[in-house]
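Tertiary structure, described
Chain by chain, the residues run as shown.
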Amino acid sequence: MLTRRGMIGGAAALAGAMALPGCAPRLDGRVLRFVPQADLASLDPIWTTASVTRTHGYMVYDTLFGIDAAFRPQPQMIEGFERDADGLRWTMRLRPGLRFHDGEPVRARDCVASLERWSHRDAMGQALFAAADAVTAQGDRDLVFRLKEPFPLLPDALGKLGVNVPFIMPERHARTSPFVQVSEMVGSGPYRFLDGERIVGARAAYARFDGYVPRAAGRAEWTSGPKHARFDRVEWTVIPDPATASIALRNREIDWLEVPSIDLLPLIAGDPALALPEIDPTGAVAILRPNHLWPPFDNPAIRRAVLRVVRQDGFMAAAGFAREARRSGVGVFPPDTPLATSAGLDLWQGEPDFDRARAEIRAAGYDGGPVVVMGTTDPPILRALAEVGADLLRRCGFNVDYQVMDWNAVIQRRARRVRPSEGGWNVFFTHWTGLDLLNPAGHMSLRGNGEKAWFGWPTAPRLEALRAQWMREADPAAQKRIAEQIQLQALEDVPYIPLGQFHMPTACSRSLSGLLHGLPLFWNVERAGNA
Amino acid sequence: MLGYALRRVAASVPVAFCVALFVFALLYLAPGDPAALMAGDAASPADIEKLRAALGLDRPFLTRFVEWLWRILHGDLGTSVFTGIPVATLIGQRVLATFSLMIVALLIASGIGVPMGALAAYRPGGAADRAVMVGGVLGFSVPVFVTGYLLSYIFAYRLGWFAVQGFVSPFADFGGFLRTILLPAASLAGAYAALIARITRATMLDVLAQDHVRTARAKGLGEARVVIVHGLSNAAAPILTVMGMGAAVLLGGAVVTETVFGIPGLGRLTVDAVLRRDYPVIQGVTLFLAFIFVAVNLGVDLLCAAIDPRVRQ
């Protein structure tokens with residue numbers, strides 16, 4: 001029988017048990033607990049361009065080439081390759097012993113099917129297959145590219161880091177329509193996806209793939225080199241609230257928080273057990289994207305007038321980045337990457353002349369009509385960019401119609417090509433990871449192929465011609481010269497306006513070592529004390 | 001009692017149908033194109049059109065509603081536009097977390113609210129009564145997320161007694177379950193406990209002033225028996241009704257609580273689906289929660305009828 005004394009005793013015992021040190025969950029040494037920047041809503045890295053799915057893709061899948069610290073492609077799944085003297089035939093041989101997570105060997109025909117599917121979703125893939133006569137499997141291990149014209153960037157394309165990455169999946173999955181998601185995760189990467197443990201919007205789990213064969217030699221750098229999985233399991237937990245995520249990290253409930261909130265960085269920095277390493281030196285680049293289909297931004301003179309009064313540091317400061325975390329004077333390619341150049345960027349020297357901008361905009365034919373600027377309530381960085389950008393446009397004399405919505409509404413609305421007055425738009429703001437802007441091939445906001453271009457649909461034939469020229473060029477010095485021309489042309493055509501670069505550190509336990517650069521990669525990482 | 005129960009169940013059917021119609025119409029009229037979302041950024045208008053036809057989105061409202069209703073009756077709530085996972089599976093993955101949160105919050109709220117309300121009514125104007133009034137004001141006015149952060153900071157971060165985030169199934173690890181559920185449930189229970197305490201107080205004040213209570217005291221019964229047996233049992237019906245209606249309050253609060261405490265529940269699923277315009281998920285979860293609400297109210301009605309025979313007439 002339940003008595004009052006019994007109840008009081010039980011309650012005291014429960015309270016006592018809860019008060020014991022270590023009662024809150026603590027980390028298991030063989031499990032890496034990670035909080036991604038966003039929910040892993042889609043698992044198919046070919047179907048979506050979401051960064052978080054790319055990170056997931058690198059765990060589950062492998063690539064034919066990887067990228068080293070100098071942004072050069074290095075063989076990854078392949079032993080090596082041969083190229084004919086005329087550059088029209090490439091033969092690549094898969095490493096022996098590669099297996100998918102279901103135990104099936106990785107065959108050349110799996111690679112062919114995977115690359116074909118990728119080519120429907122990726123600009124560089126499209127360029128490669130446009131240059132190809134045939135991509136075929138020769139036996140189980142040899143992959144042959146027969147080209148109509150030389151495509152010297154073939155290894156770069158197959159090792160590209162920007163979305164979409166050409167991951168290799170089994171042929172039966174790669175035959176899925178590129179517009180339909182693959183429903184089963186079977187790759188040949190260092191970790192297996194545990195489908196049964198997935199809770200969409202909350203959790204994903206991976207187990208080390210014991211059948212993975214790392215490269216025998218070399219050094220792990222970015223996505224190249226031997227991939228040694230040191231943890232038995234990796235668990236991703238989605239924690240939507242940044243404050244809760246930070247406390248969970250400080251409370252040792254998680255090991256690694258991909259993107260800590262800017263305002264909470266001092267808190268994390270003050271904890272001696274935590275570190276704030278920067279794993280992506282390419283950072284992120286914010287942009288203002290005008291709609292080239294409708295007035296006033298269908299007029300390049302108006303776009304150029306706005307470009308001249310932009311001061312990147314103001315945008316970055318408003319977004320909350322400390323001086324050491326932001327960079328202005330950013331052109332088309334991220335600073336400190338092979339194609340970065342300062343060509344033409346002297347137009348931002350001195351104070352912005354708004355009187356001149358207003359006069360030029362009027363002279364170019366702006367009639368005072370409303371300019372629909374899509375602002376967003378979240379995330380805070382984009383909200384700040386939009387607010388500063390709307391103010392800048394007002395100072396340029398535009399009649400700004402600032403419409404605030406949530407980010408997903410922006411994503412939907414930016415796809416609408418109708419007039420701004422009919423539910424379309426004139427301007428929106430976003431940011432790209434530097435990895436997506438490394439070169440003209442994958443740089444989506446630089447494209448000038450009209451209706452096929454990314455939202456905003458610029459038509460810039462000279463930019464397109466320079467891009468094609470860059471893709472045919474193998475010599476790095478010549479590539480750099482073309483990149484300079486591309487930047488100068490971009491400052492003329494203004495397909496978009498760069499608003500500065502920012503760097504966000506990742507936050508993790510100091511017990512973790514071996515974090516690689518580029519993006520969160522889960523091989524090579526280990527915890528001090530683990531055998 | 002059986003006849004009453006059958007009448008109540010029958011009365012719930014048109015309510016459920018109206019809810020279904022409302023949910024479907026709401027999402028049908030909402031802007032946005034699920035086919036465009038499913039096809040992704042790189043799809044051409046022709047691809048999107050093809051997908052729209054394949055999904056049956058180009059058919060008339062009535063046809064789609066009847067088909068949808070037919071599928072609902074067969075337990076098929078549709079498939080998420082973003083993940084390609086059946087909505088029923090998504091709900092199934094999260095229902096335990098949300099229901100655990102609600103039940104534990106209900107236990108905490110009623111465990112605090114009913115005794116405090118009864119105590120306040122027993123000595124109106126006394127210290128307990130004033131404490132209930134102050135607690136009630138605080139419970140109603142402090143937002144759930146503030147309570148959540150405060151509890152999390154003190155009991156999880158400073159003292160380390162509980163987990164800051166997450167959810168552990170009670171069937172997998174009961175200790176882990178308590179460590180993850182007690183803080184969010186306590187923060188969710190605040191306003192609810194205040195509501196129950198106020199209602200209990202008001203109802204008990206009325207009941208304790210009635211003749212049968214005076215008669216019980218005159219017969220020499222102990223005060224505990226008078227208050228609990230003669231007072232609380234007669235005040236139970238309105239308290240239970242309020243508790244049933246409060247289920248909606250708990251569901252609303254669960255959205256915030258699940259976000260603050262990182263609990264993978266139905267509240268977060270709904271918010272994520274709304275932000276992504278994942279219409280089948282919004283439809284499925286709304287319908288599911290509406291049915292739960294109807295079922296809870298039906299259960300409360302039947303319970304009230306079982307406790308108080310006057311209700312059955």
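Please read all numbers here as calculations on a predicted model, not as lab measurements.

This part is about the pattern of salt bridges. Think of it this way: side chains of opposite charge can pair up when their charged atoms draw near. Residues and elements named next belong to chain A. According to the stated counting rule, one finds 39 salt bridges over all chains in the structure shown. Ionic pairing is found between Asp355 and Arg358, a salt bridge with its closest N-O pair at 2.5 Å. Placement of both Asp355 and Arg358 in helix 11 (residues 354-363) is noted, with a separation of three residues, approximately one turn of the helix. Among the residues examined, Asp355 registers a relative accessible area of 55% and is labelled exposed. Of the charged contacts, one joins Glu451 and Arg417 as a salt bridge, the two residues approaching to 3.8 Å between their closest N and O atoms. Separated by 34 residues along the polypeptide, Glu451 in the loop between strand 17 (427-433) and helix 14 (461-472) and Arg417 in the loop between helix 13 (407-413) and strand 17 bring together distant segments of the chain. Given the relative accessible area of 58%, Glu451 is considered exposed. According to the relative accessible area criterion, Arg417 is partly exposed, its value standing at 34%. Among the ionic contacts, a cluster of salt bridges with common partners joins Arg33, Glu197, Arg203, Arg233 and Glu235.

This part takes up the side chain of A:Asp241. With respect to the secondary-structure elements, A:Asp241 resides in the loop between strand 10 (233-237) and helix 7 (242-250). Although A:Asp241 lies buried, it forms no salt bridge, and the closest oppositely charged side chain, B:Arg268, sits 10 Å away as judged by the N-O distance. In contact with A:Asp241, not counting residues within four places along its chain, are B:Tyr149, B:Thr259 and B:Val260.

Residue and element names in this part refer to chain B. It is at 8 Å that the axes of helix 5 (residues 87-122) and helix 10 (residues 223-260) come closest, and there the two elements cross at 140°. Here helix 5 is positioned oblique relative to helix 10, judged by the angle of their axes. Relative to helix 10, helix 5 is oriented so that their crossing is right-handed. On helix 10, the residues touching Thr98, Leu101, Met102, Ala105, Leu106, Ser110, Val114 and Tyr122 of helix 5 are Glu223, Val227, Leu232, Ile239, Met243, Ala247, Leu250, Leu251, Ala254, Thr257 and Glu258. Within the contact of helix 5 with helix 10, the residues separate by chemical class into 14 nonpolar, three polar and two charged.

The grouping of B:Val134, B:Leu138, B:Val142, B:Phe145, B:Val146 and B:Val256 at the surface amounts to a nonpolar patch, some 460 Å² of accessible area in total. Those elements that provide at least two residues to the nonpolar patch are helix 6 (127-141) and helix 7 (144-158) of chain B.

The next thing to look at is the UniProt feature "domain: ABC transmembrane type-1" (unreviewed entry) in chain B. Per the UniProt entry, the sites bearing "domain: ABC transmembrane type-1" (unreviewed entry) are residues 95-304 of chain B in this numbering. Secondary structure over residues 95-304 of chain B splits into 84% helix and 0% strand, and the C-alpha atoms at its two ends are 26 Å apart.

The next subject is the domain arrangement of chain A. Residues and elements named next belong to chain A. According to the domain assignment, chain A consists of domain 1 (26-41 + 183-279 + 505-527), domain 2 (65-174) and domain 3 (284-502). For domain 1 versus domain 2, the separation of C-alpha centres amounts to 27 Å. Residue-level contacts link 20 residues of domain 1 with 24 residues of domain 2. In total, domain 1 and domain 2 occlude about 1,800 Å² of area from one another, counting both sides; carbon and sulfur atoms represent 53% of this. Per-residue buried area on domain 1 facing domain 2 is highest for Val186, Arg215 and Trp222; these three make up 37% of the total on that side. The interface formed by domain 1 and domain 2 contains zero salt bridges. Our count for the domain 1 to domain 2 interface comes out at 13 residue pairs in polar contact (both at pLDDT 80 or more). Residue composition of the side of domain 1 that touches domain 2, grouped by class: eight nonpolar, seven polar and five charged.

Thresholds, definitions, all that
- Residues numbered from 1 in each chain as written.
- Chains lettered and ligands numbered in written order.
- Predicted model: local features only at pLDDT ≥ 70, side-chain atom pairs only at ≥ 80, totals over all residues.
- Heavy atoms only, no water.
- Salt bridge = Lys/Arg side-chain N within 4 Å of Asp/Glu carboxyl O.
- Helix = DSSP H or I, 4+ residues; strand = E, 2+ residues; numbered from the N terminus.
- Buried < 20%, exposed > 50% of the residue type's maximum accessible area, 1.4 Å probe, protein only.
- Lys, Arg positive; Asp, Glu negative; His and termini not counted.
- Contact = heavy atoms within 4.5 Å.
- Axes fitted to C-alpha atoms, helices over the stretch in contact; angles between N-to-C directions.
- Parallel < 35°, antiparallel > 145°, perpendicular 65-115°, else oblique.
- Left-handed = near helix turned anticlockwise from the far one by under 90°.
- Nonpolar A, V, L, I, M, F, W, Y, C, P; charged D, E, K, R; others polar.
- Patch = residues over 30% accessible without salt bridge, like charges linked within 9 Å, V, L, I, M, F, W, Y side chains within 5 Å.
- Areas by Shrake-Rupley, 256 points an atom, 1.4 Å probe, with all protein chains shown as cover.
- UniProt positions renumbered as here; feature names shortened; annotations may be inferred.
- Domains from an automatic or database assignment.
- Buried area = accessible area lost by both parts, 1.4 Å probe.
- Polar contact = N/O pair within 3.5 Å; in protein donor to acceptor, adjacent residues only side chain to side chain.

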